[in-house]
Every structure is written in C-alpha cells, then in structure tokens.
Amino acid sequence: MSEDHTHGSAANVRQAAGKYKHRLLWSFWVIGGYFIVELVGGLMTNSLALLSDAGHMLTDVLGLGMAVAAIRAADRVKRDPQKTFGLYRLEILAALANAVLLFGVALYILYEAIERFQKPPAVLGAPMLFVAIIGLAVNLLVFFWLRGGASESINVEGAYLEVLADLLGSVGVIVAAVVIQATGFRLIDPIFGTVIGVFVLPRTWRLARKAIRILIQAAPPDLDIKAMHAALENIDGVCAIHDLHAWTLTSGMEICSVHLCLQEGAETASVLKTAQNILHDQFGMNHPTIQIEPEGFMHCEQSNSGTQNW
C-alpha cells in the first residue's frame, strides 16, 4: 500500500508539471519578444512606468526560463538512481529565485520613482500608450495560459504572479499615458511606477515565504500536527507514537513519517492500513512512511517514558 502512495504521488507531480511545461515555454518566448519591444519603447519615450513594466517583463523571462528548466530537470527523475526524490525541489528553488528577482526590480523602481518625483522628465505619451496596449494584450494572453496552474504548482504560481504584476502594470502605464496626453501631468508616470512597485512587494514576500517554508521542511501551513498526532495515537492497538514529521517535497507532494508503538497482541497489518488511510484521507498525506514497533522495542519504551519527538 505504501508503494502505491509513493509511485502515485510522484506520477501526479510529473503529470501536473508536464501539463504546464508547454504553456510556460510559449509564455517564455512571447514575453521575451515583447520585453525587447517594451525596453526600446521605454527608452525612447523616457517613461519610468514603461521601463518598470519592462523590468517586470525581464524577471518574467528569467523566471519562466527557470520554471521550464526546473520542470525539464524534474522529468529526468529516473536517470540518476542516487537522487531518490528526483529533482522536484528545483521548482521550489526556481520560485524562490523568481521572488528575489521581483523584489530587486520592485526596489529599483521605487528608488527611481523618488528621483523622478524631484525632477519629472519629459515623457512621450502617444508612443508610450501604443507600447502599453500591446503589453496589455501580451500579458492577458499569458495570464490565461498560466492561471489554471497557479493553484497546482508553486513554480507556475511564481510565473503567474509575475505576469499578474505585469498585467496590472500595463494597465497603469496605459492610464498614465492617457493622463499625460490629455493633461501634460508628468508626475503621473512616477506615481504609477511607484504603485506597480508597491503592488509587487507583498506578493513577492508571500511567494518567497512559501518557498522558504518548503525548503526548511516545515509542516504544510494548513496541516494540524497535533490533530494528526492524536488521530494516530487513538488507533486501536497503538500505545504511543514518536518521531512524527510532515513536510512538502514539492507542489502537490506532501510527505510524512512516523513511528507507531504497538500494544501486545495488536495486529500489525490492520494498524498499518488504518494509519495510512488516516494520513491520506484526513490529512492529505500522499507519501506516508510508517514504522511499526512492537511492544518492548527500544524506541517504544522511550516513547512511553515521555520523550516523544514530534
């Protein structure tokens, strides 16, 4: 039964990754091409809002490239028997790298905006508007490509958040361009540049915190460890449990391990099956590892003496 959990969860992760690999790749090429257009447009129009959006586009290109590379590397899980968990953690590293890139770009935009508030430069509104409208169309296309995968993979979520920030950034640039054309109010450009930067920061922090939580192997945030401990301890035939650990290997792959100490005469197979069902059905653990320890076993005696390790 544990073999089914192991192979099934790994297959599900590979299937989810493969489903969005081609969308990520197409997004990479579409956004990469538009980044060049927007960078040239931002330099020609001298627009901070447009340049800040181009900066986000650059992080999109890098982030999407890392996301695709991480999925492709994880697909090669069978090529190296020494990597018993494959390369699934690469998608978490890619998500963290995306967060760091976004954070750096947001800080630079805020710094540049402060400079421009003091000395607002001349901005060409009409070309800025034209480039921003194209950017909005590009971001909408990629947004719908990736929206479904954001809830299934932290890797796709990182790319999705970057595209979402760009989408809103394009809307901001369009509004700024219209205001400049209609009123000549040049401060609207650094204002929207600042808004884009501020919008990105909290979302970047949440993505980074999620990735770091996985990397330090903390229990999933929605998992009640105490309830899991109590449910396992209440199984008929179990006298105590110890070394209960739960963590996330990668998106959609929750893992736990636990030692169950049995009472004398307890039926091992029944306890094991019940424990696996509880962990999978009640707590979403699709990769449980359970060690059964008979009464009198050394760890069981330690556990009964009050030295349980969760």
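In the block above lies the structure referred to throughout.
Within every chain, residues take consecutive numbers counted from 1 along the sequence as written. Two thresholds apply to this predicted model, a pLDDT of at least 70 for residue-level local features and 80 or more for giving and counting side-chain atom pairs, whereas whole-chain, interface and lining totals are computed over all residues. Side-chain metrics rest on all non-hydrogen atoms present in the structure, leaving aside hydrogens and water.

To continue, consider the nonpolar core. Leu-24, Ile-31, Leu-50, Leu-64, Met-128, Leu-146 and Val-163 are the most contacted members of the largest nonpolar core, which has 34 residues in total. For this core, the elements supplying multiple residues, two or more each, are helix H1 (2–45), helix H2 (48–75), helix H3 (90–118), helix H4 (125–146), helix H5 (154–183) and helix H6 (188–215). Not counting chain neighbours up to four residues away, the residues in contact with Leu-64 comprise Leu-24, Ser-27, Phe-28, Ile-31, Leu-146 and Ala-159. Among the nonpolar cores identified, the runner-up in size contains 22 residues, and Leu-223, Leu-262, Ala-275 and Ile-278 belong to it. For this analysis, a nonpolar core means a set of buried residues of the types Ala, Val, Leu, Ile, Met, Phe, Trp, Tyr and Cys, connected via side-chain atoms within 4.5 Å. Buried means the residue's accessible area, taken with a 1.4 Å probe over protein chains only, is under 20% of the maximum for its type, while exposed means over 50%, and partly exposed covers the values in between. Labels follow the DSSP assignment, with helices taken as runs of H or I lasting at least four residues and strands as runs of E lasting at least two, numbered in each case from the N terminus. Between two residues, a contact is recorded if the distance between any of their heavy atoms is within 4.5 Å.

This part covers the sheet that holds strand E3 (residues 287–293). Any two strands with at least two DSSP-identified bridges between them are counted as paired. What the three strands build is an open sheet, ordered E1-E2-E3; its pairing is mixed. Edge positions in the sheet fall to strand E1 (238–250) and E3, since each of these pairs with one other strand and no more. Taken pair by pair, the neighbouring strands of this sheet meet at an average axis angle of 10°, ignoring direction. Note: strand E2 (residues 253–262) against E3, seven bridges, orientation parallel. Pairing of Ile-255 across the sheet is with His-287, part of E3. Sitting on the sheet, helix H8 (residues 268–282) is in contact with E1, E2 and E3, with an inclination near 150° to E3. The angle between two axes is taken between their N-to-C directions and runs from 0 to 180 degrees, where each axis is a line fitted to C-alpha atoms and a helix contributes only its stretch in contact.

Now for helix H7 (residues 225–233). When we look at burial in H7, the residues that qualify are Ile-225, Met-228, His-229, Ala-231 and Leu-232. Projected down its long axis, H7 carries its buried residues within an arc of 165°, all on one side. Its side-chain oxygen at 3.2 Å from the backbone nitrogen of Lys-226, Asp-224 defines the N-terminal cap of H7. This arc corresponds to the set of directions leading from the helix axis out to the C-beta atoms. Two N or O atoms form a polar contact when they lie within 3.5 Å of each other; inside protein one atom must be a possible hydrogen donor and the other a possible acceptor, and for residues adjacent in sequence the pair counts only when both atoms belong to side chains.

Glancing now at the environment of Glu-293. Mapped onto the secondary structure, Glu-293 falls in strand E3. Each C-alpha atom of the pair Glu-293 and Cys-261 lies 4.7 Å from the other, and the pair is 32 residues apart in sequence. Of the polar contacts made by the side chain of Glu-293, one reaches the side chain of His-259; its length is 2.6 Å.

Here we come to the packing of H7 against H8. Close contact between H7 and H8 brings their axes to 10 Å; oriented N to C, the two are set at 150°. When the axes of H7 and H8 are compared, the pair comes out roughly antiparallel. Relative to H8, the crossing made by H7 is right-handed. Two secondary-structure elements touch here, H7 through Met-228, Ala-231 and Leu-232 and H8 through Ala-275, Ile-278, Leu-279 and Gln-282. Note on residue classes: Ala, Val, Leu, Ile, Met, Phe, Trp, Tyr, Cys and Pro are nonpolar, Asp, Glu, Lys and Arg are charged, and everything else, Gly too, is polar. Its residues assigned to classes, the contact of H7 with H8 shows six nonpolar, one polar and no charged. Orientation is classified from the angle alone, with under 35 degrees giving roughly parallel, over 145 giving roughly antiparallel, 65 to 115 giving roughly perpendicular, and any other angle giving oblique. By definition, any crossing whose near helix is turned counterclockwise from its far helix by less than a right angle is left-handed, and any crossing with a clockwise turn is right-handed.

Now for the pairing of E1. Counting buried positions over the 13 residues of E1 gives 10, a clear majority of the element. Alignment of E1 against E2, held across nine bridges, turns out to be antiparallel. Each bridged residue has a counterpart across the sheet, and for Thr-248 the counterpart in E2 is Glu-254. From the end of E1 to the start of E2, which pair antiparallel, there are two residues, and Gly-252 there has a positive phi angle of about 80°.

Time to look at unusual backbone geometry. Even without a glycine there, the phi angle at Gln-217 is positive, about 60°. Looking at where Gln-217 falls in the secondary structure, it is placed in the loop between H6 and H7. Notably, Asp-243 is not glycine yet its phi reads approximately 50°, a positive angle. Position of Asp-243 among the secondary structure elements: in strand E1.

What counts as a ring pair is set by centres within 6.5 Å for rings of Phe, Tyr and Trp (its six-membered ring), and what kind of pair is set by the plane angle: stacked under 30 degrees, edge-to-face over 60, tilted for all other angles. By the definition in use, this model includes two aromatic pairs. With centroids separated by 5.2 Å and ring planes inclined at 75°, the aromatic side chains of Phe-28 and Trp-29 adopt a geometry described as edge-to-face. When the ring of Phe-143 is compared with that of Phe-144, the centres are 5.3 Å apart and the planes differ by 80°; the resulting orientation is edge-to-face. With relative accessibility at 49%, the residue Phe-144 sits in the partly exposed group.

For the pair H3 and H6, the least separation of the axes is 8 Å and the interaxial angle reads 155°. Judged by the inter-axis angle, H3 sits roughly antiparallel to H6. In this structure, the crossing between H3 and H6 has a hand that is left-handed. For the contact of H3 with H6, the residue count by class is 23 nonpolar, four polar and two charged.

This part is about the environment of Ser-52. As for its placement among the helices and strands, Ser-52 is situated in helix H2. Take Ser-52: its relative accessible area is 2%, and that puts it in the buried class. Distance in space between the C-alpha atoms of Ser-52 and Phe-192 is 9.5 Å, their sequence separation being 140 residues. What Ser-52 contacts, discounting residues up to four positions off in sequence, is Ile-109, Gly-193 and Ile-196.

Attention now moves to the pairing of E2. By the criterion of burial, E2 is predominantly enclosed, with 10 of the 10 residues buried. Side chains Met-253, Ile-255, Ser-257, His-259 and Cys-261 project from E2 onto one buried face, and the interleaved Glu-254, Cys-256, Val-258, Leu-260 and Leu-262 project onto a second face that is buried too. For the crossover from E2 across H8 to E3, the handedness is right-handed. Crossover handedness is defined here as right-handed if the route from the first strand over the helix to the second strand goes clockwise, with the strands pointing away from the viewer.

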